[in-house]
Amino acid sequence: MSLSSQLLAELRNATGQGSQSFSVTAGTRTIHCRALQCDPLAVTVDELTLESPELASASVAKLQAASQSLAQRINYLLEPIAPIETDSQGCSVQMRSNPPQRDDNASRYYELLLRRGGSIALCRFEKQPGQPRLRVPAALTHEVIGRLVDDFSSTVDSI
């Protein structure tokens, strides 16, 4: 059973329950999902992370290539995702919504972080003028969660 199928089964079983954390493993990969609320068709998540030993020794160049691959694959979120910063010392690539969602009071954006050491993580943030950014929940359908998990795994396969 794939990581996405396992996670979706866990999320469906948690419908109507409060905040929960899920971890499912297939082979050497593990998906962690911190769900604040699970509904029959969607979930509100604080963070979705794939941990994979394939990323443990990835070079900055490989992480940059992986971020380009992710940017092409993940075209179904509220905003398009693009690499914005590479940390050569920390060996990570940060990706964000480009452009972010804006209204009169704030900007909201997804952030993905690819790190050597073994993870791809997705969070959502909000930035109000004159204030520090805050992590906010992301409401995602079960279909989108499954696609994200599959796209994270496919990206790791291509490294």
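Residues numbered from 1 in each chain as written. Predicted model: local features only at pLDDT ≥ 70, side-chain atom pairs only at ≥ 80, totals over all residues. Heavy atoms only, no water.

### Observations concerning the packing of aromatic side chains
Working step 1: Enumeration over the complete set of coordinates arrives at one aromatic pair.
Working step 2: In this arrangement the basic side chain of Arg-124 is found over the ring face of Tyr-110, its NZ or CZ atom lying 4.2 Å from the centre.
Working step 3: Directly above the ring of Phe-125 sits Arg-133, whose terminal nitrogen or CZ lies 3.8 Å from the centroid. (Phe/Tyr/Trp six-rings, centres within 6.5 Å; stacked < 30°, edge-to-face > 60°. Lys NZ or Arg CZ within 6 Å of the ring centre and 35° of its normal.)

### Regarding the nonpolar core
Working step 1: Membership of the largest hydrophobic core comes to 42 residues, with the highest contact counts inside it found for Leu-7, Leu-11, Leu-77, Leu-140, Leu-148 and Phe-152.
Working step 2: With six residues, the top contributor of residues to this core is helix H3 (residues 142-157). (Core = buried A, V, L, I, M, F, W, Y, C linked by side-chain atoms within 4.5 Å. Buried < 20%, exposed > 50% of the residue type's maximum accessible area, 1.4 Å probe, protein only. Helix = DSSP H or I, 4+ residues; strand = E, 2+ residues; numbered from the N terminus.)

### What about the pairing of strand E3 (residues 42-51)?
Working step 1: Among the 10 residues of E3, eight are classified as buried, and the element is accordingly described as predominantly covered.
Working step 2: With eight bridges joining them, strand E2 (residues 29-38) and E3 adopt antiparallel strand pairing. Directly across from Thr-30, in E3, lies its bridge partner Glu-51.
Working step 3: With four bridges connecting them, E3 and strand E10 (residues 138-141) associate as antiparallel partners. For Ala-42, the partnering residue across the bridge sits in E10 and is Thr-141. (Pairing = 2+ DSSP bridges.)

### Here we look at the pattern of salt bridges
Working step 1: This structure, assessed with the given rule, holds 11 salt bridges.
Working step 2: In this structure, Arg-108 and Asp-103 form a salt bridge, with 3.1 Å as the shortest nitrogen-oxygen distance.
Working step 3: What makes Asp-103 partly exposed here is its relative accessible area of 42%.
Working step 4: Of the charged contacts in the structure, one is a salt bridge between Arg-133 and Glu-111, with a shortest N-O distance of 2.7 Å. Note that Arg-133 is positioned in the loop between strand E8 (119-127) and strand E9 (134-136) and Glu-111 in strand E7 (residues 107-115), a separation of 22 residues in sequence.
Working step 5: Its relative accessible area of 33% is what places Arg-133 among the partly exposed residues.
Working step 6: By sharing partners, the salt bridges in this structure join Arg-34, Asp-46, Glu-47 and Arg-135 into a single network. (Salt bridge = Lys/Arg side-chain N within 4 Å of Asp/Glu carboxyl O.)

### Things to note about the pairing of E7
Working step 1: Here strand E5 (residues 92-97) runs beside E7; their pairing, made up of five bridges, is antiparallel. Following the sheet pairing, Gln-94 is matched in E7 by Leu-113.
Working step 2: Inspection of the sheet shows strand E6 (residues 101-102) paired to E7 by two bridges, in the antiparallel sense. In the sheet register, Gln-101 faces E7, and the bridge partner there is Arg-108.

### Observations concerning the side chain of Ser-97
Working step 1: Tracing the backbone through its elements, the reader meets Ser-97 in strand E5.
Working step 2: Its relative accessible area of 6% is what places Ser-97 among the buried residues.
Working step 3: At a separation of 2.7 Å, a polar atom in the side chain of Ser-97 contacts the side chain of Glu-79.
Working step 4: A polar side-chain atom of Ser-97 sits 2.7 Å from the main-chain amide nitrogen of Tyr-110.
Working step 5: In contact with Ser-97, other than residues within four places in its own chain, are Glu-79, Pro-80, Ile-81, Tyr-109, Tyr-110 and Arg-124. (Polar contact = N/O pair within 3.5 Å; in protein donor to acceptor, adjacent residues only side chain to side chain. Contact = heavy atoms within 4.5 Å.)

Such coordinate-based values are descriptive only and should not be taken to indicate function.
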